[in-house]
Each structure stands twice: as structure tokens, then as C-alpha cells.
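Residue-level structure breakdown
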Amino acid sequence: MKKFLLHDVARGPAVPDCADEEIGWIKIPNRFASIGTAVDILVGRVHAALGCSVAVDDACESLRLALTEALNNAVEHGGLPEGTSAIHIGALRRAGTIEIRLQDSGRPLPACLFEQRDAPCLAVPGQPLEDLPEGGWGWHIIRSSVDRVAYRRLGERNYLSLEIETECLCRG
Amino acid sequence: MELSVRSDGTRTVVSLPGPRLDASRSGDFKRQMVELIDSGARRIVLDLSEVDFIDSSGLGAVVGCFKHVGRHGTLELACLSPAVDKIFDLTRMNRVFTIHEEVPSA
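Conventions used here
- Every chain's residues receive numbers from 1 upward, in the order its sequence appears when written.
- To read the labels, note that chains go from A and ligands from 1, taken in the order they are written.
- With the structure being a predicted model, the display of local features is reserved for residues of pLDDT at least 70 and the display and counting of side-chain atom pairs for 80 or more, all residues being used for whole-chain, interface and lining totals.
- Side-chain calculation: all heavy atoms of the structure are included, whereas hydrogens and water are not.
- We count a stretch as a helix when DSSP gives it H or I for four or more residues in a row; a strand needs E for two or more, and each element gets its number in order from the N terminus.
- Three labels apply to residues, based on accessible area from a 1.4 Å probe with only protein chains included: buried if under 20% of the type maximum, exposed if over 50%, partly exposed otherwise in between.
- Residue contacts follow a heavy-atom distance rule, with two residues in contact if any of their heavy atoms lie within 4.5 Å.
- Summed over both partners, the accessible area lost on bringing two parts together, with a 1.4 Å probe, is the buried area.
- We define a salt bridge as a side-chain nitrogen of Lys or Arg found within 4 Å of a carboxyl oxygen belonging to Asp or Glu.
- For the purposes of these results, a polar contact is taken to be a pair of N or O atoms within 3.5 Å, where, inside protein, one atom must be able to donate a hydrogen and its partner to accept one; residues adjacent in sequence count only when each atom of the pair is a side-chain atom.
- We call Asp, Glu, Lys and Arg charged. Ala, Val, Leu, Ile, Met, Phe, Trp, Tyr, Cys and Pro are nonpolar, and the rest, Gly among them, are polar.
- Only buried residues count toward a nonpolar core, which is a set of Ala, Val, Leu, Ile, Met, Phe, Trp, Tyr and Cys residues joined through side-chain atoms within 4.5 Å.
- Between any two strands, at least two bridges found by DSSP are needed for them to pair.
- Inter-axis angles, ranging from 0 to 180 degrees, are taken between N-to-C directions of lines fitted to C-alpha atoms, where helices are fitted over the stretch in contact.

Before going further, it helps to spend a moment on the overall build of chain A. Scanning chain A for helices and strands turns up 4 helices and 7 strands. Each helix and strand of chain A, ordered N terminal to C terminal, gives the series β-β-β-α-α-β-β-α-β-β-α. Within chain A, buried positions represent 51% of all 172 residues. A separation of at least 24 residues holds for 68% of the contacts in chain A among residues at least 6 apart in sequence.

Taken together, the contacts link 25 residues of chain B with 26 residues of chain A. Buried area between chain B and chain A, summed over both chains or domains, comes out near 2200 Å², and the portion from carbon and sulfur atoms is 63%. Per-residue buried area on chain B facing chain A is highest for Phe53, Lys67 and Leu90 of chain B; these three make up 25% of the total on that side. Our count for the chain B to chain A interface comes out at 4 salt bridges. For the interface between chain B and chain A, the tally reads 11 residue pairs in polar contact (both at pLDDT 80 or more). Every element with two or more residues in the side of chain B that touches chain A is listed here: strand 5 (53-54), helix 2 (56-69) and helix 3 (82-90) of chain B. Examining the composition of the side of chain B that touches chain A, we find that 7 residues originate from one element, helix 2 of chain B, more than from any other. The residue makeup of the side of chain B that touches chain A, split by class, is 11 nonpolar, 6 polar and 8 charged.

For the rest of this paragraph, the subject is the nonpolar core. Membership of the largest hydrophobic core comes to 39 residues, with the highest contact counts inside it found for Phe29, Met33, Leu46 and Phe88 of chain B. When residues of this core are traced back to their parent elements, those giving at least two are helix 1 (26-38), strand 4 (43-47), strand 5, helix 2, strand 6 (74-78) and helix 3 of chain B. At 7 residues, the largest contribution of residues to this core is made by helix 2 of chain B. For Met33 of chain B, the residues in contact, after removing those within four places along its chain, are Leu3, Val14, Ile44, Leu46, Cys65 and Leu75 of chain B. Membership of the second largest hydrophobic core comes to 36 residues, among which are Ala70, Phe114, Val146 and Leu160 of chain A.

In this section: the pattern of salt bridges. It is possible for side chains of opposite charge to pair when their charged atoms get near one another. All names here are of chain B. One pass over the full model with this rule turns up 16 salt bridges over all chains. Note that Arg20 is salt-bridged to Asp22, the shortest N-O span being 3.8 Å. Both residues of the pair, Arg20 and Asp22, belong to the buried class.

Here Thr68 of chain A is to be found in helix 2 (residues 54-77). The class of Thr68 of chain A is buried, set by a relative accessible area of 4%. In contact with Thr68 of chain A, not counting residues within four places along its chain, are Ile35 and Val39 of chain A together with Phe53 and Asp55 of chain B.

Adjacent strands of a sheet form backbone hydrogen bonds with each other and so pair up, either parallel or antiparallel. All names here are of chain B. Read across the open sheet, the 5 strands follow the order 1-2-4-6-7; overall the sheet is mixed. The two strands at the open ends of the sheet, each matched to only one other strand, are strand 1 (4-8) and strand 7 (99-100). Of the strand pairs in this sheet, strand 4 and strand 6 are connected by 5 bridges, and their pairing is parallel. Each residue of the ladder has a partner; that of Leu46, found in strand 6, is Leu77. The strands touched by helix 1 within the sheet are strand 1, strand 2 (11-15), strand 4 and strand 6, with strand 4 carrying the most contacts at an inclination of about 155 degrees.

Take Met33 of chain B: it is sitting in helix 1. Taking the C-alpha atoms as reference, Met33 of chain B lies 8.5 Å from Leu3 of chain B; in sequence the two are 30 residues apart.

Turning to the side chain of Arg64 of chain A, a few remarks are in order. Turning to its location among the elements, Arg64 of chain A is positioned in helix 2. One polar contact links Arg64 of chain A to Asp40 of chain A, side chain to side chain, over a distance of 2.4 Å. When near neighbours in sequence (up to four residues on either side) are disregarded, Arg64 of chain A contacts Val39, Asp40 and Val43 of chain A together with Phe53 of chain B.

Okay, the pairing of strand 1 of chain B next. Bridge count between strand 1 of chain B and strand 2 of chain B: 5 bridges; the pairing is antiparallel. In the strand pairing of strand 2 of chain B, Asp8 of chain B is matched with Arg11 of chain B.

And the structure:
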């Protein structure tokens, strides 16, 4: 698997990934029906690598949610015909973190996603029924579910990284 | 997916088959719910006890059904797993829906 260095949009350049331990990679067709099973498999491998505890269960649920939303975005907004190309998802472990990576050849993510500080899609008290949002939560859910998100466009491919810290899980 | 629907009096309890309500199933779910609402169901309780995961697409479908019922009826939720409860919390939809720990008595 080709190595790449991500630019951490939140905290500056990421640490080079020479010390990564690969947990697994899965290649899936870009269609919604493939997402659930692929996420179950990859998150299951992460869970097995981390061991059993309530804290690990919670962390894996957060990864499941973030990864599902990222894959939904790739399929829905990538602009590629359904099922015609593959999305690669992988999990890596390094000291104190688990990182989930996604690679695909769809359209680049819009830059405004990384500037979004508030969450305009959230319901507010007293909001008229007809104005309730029926979507637009994906990026907010991703950012709320993991500790770090990084993205880079290299050539014609997207590289997205979702990272959770695991030191507190090991202590639990 | 096939919804399990039972009516007691004026109330309709809809149970979703598990284990997930995601982008691959949300369209089918919403279509069946809209048919149910259009056929006259007005007081609906959505039993989510079999569902252990909902993504934003599934949540959007639930909100769409809630809006389709409108002010002339109710759509309440019951039996949310911790993972399902989390997405309602993250999107603040837990402030919009009435959520029961168990399916309430008729």
C-alpha cells in the first residue's frame, strides 16, 4: 500500500507514518450497499486489536459512525458512477492512536468543509417543523466522533484520515 | 426491509428490522412510512429496539417521516440503543423528538 503523508488540518503537519502497524485494508465498490459490511469488518479488526473494554466499545462505535459518514460522502458526492471504482479503507495503529484512512478517486472535498466552525444543520429550539433539516450532518458527525481529521488531495485521489487517541482506552 | 406494523386503538407501533438503518435502507424505510402515514396512521411510535446503528441518512429519513406526519399527528421514538441515541444527541434531534425508554402503553 502506498504510503502518504497527510497534512493535519487541525494541528499542522502530521507525524510521518514510518511506525505504523497496519491492522487491515479493505477495497470496496463505491455503492451504499457495500458500506455497512465493510465498516463492520474494519471496525471489528480495530476492536480486536484494542481488546475488550467499555471504553474500547465506545471508541469503536465512534469510529463506525465517522467512517460510515465519510464513506456515505464519498459515494454520494464523489461523482463516480455507482459501483465502477473502488474506495480503499484501512486502519493503522501507532503509539497512542488508531487511524482510519480512506482513499478514493472521486471529486475533491470542498475546502469550505475545513473552515466550518459552527454546525448550521443542527436543530434549534422553536424551529418550525417544515424547517427541520433532513441531512447535512455528515461532516459535523465526523468531526464530533474522532479526535483528528486530516485531508489531502494528491493527484486525482482523495486521502482522508480519521484518528482517535487510544492511550486512555488502554488505561481503562 | 419490511416494517412490522401493529395497531392498538388509534395508535400504530412500527418496529424496524435490524441491525441498521443506513443509506442503503433509508429510502425504502421512508417510502413504507409515508405509505403508512398517507393511509391514515396519525399516532405513531417507532420501536427501534432491533436497530443498533443509524447513520445521517437514516436519521434524515426519520426526520422526513416526522415532518410528513406534521402537526396533525405524532411520531415518537422508543428503545434507542446507545449508538442510536448518540446520533440523535450529536444532531440535537433529541430535543425535537419525544423519546421513550420503552414502547409506552396504549
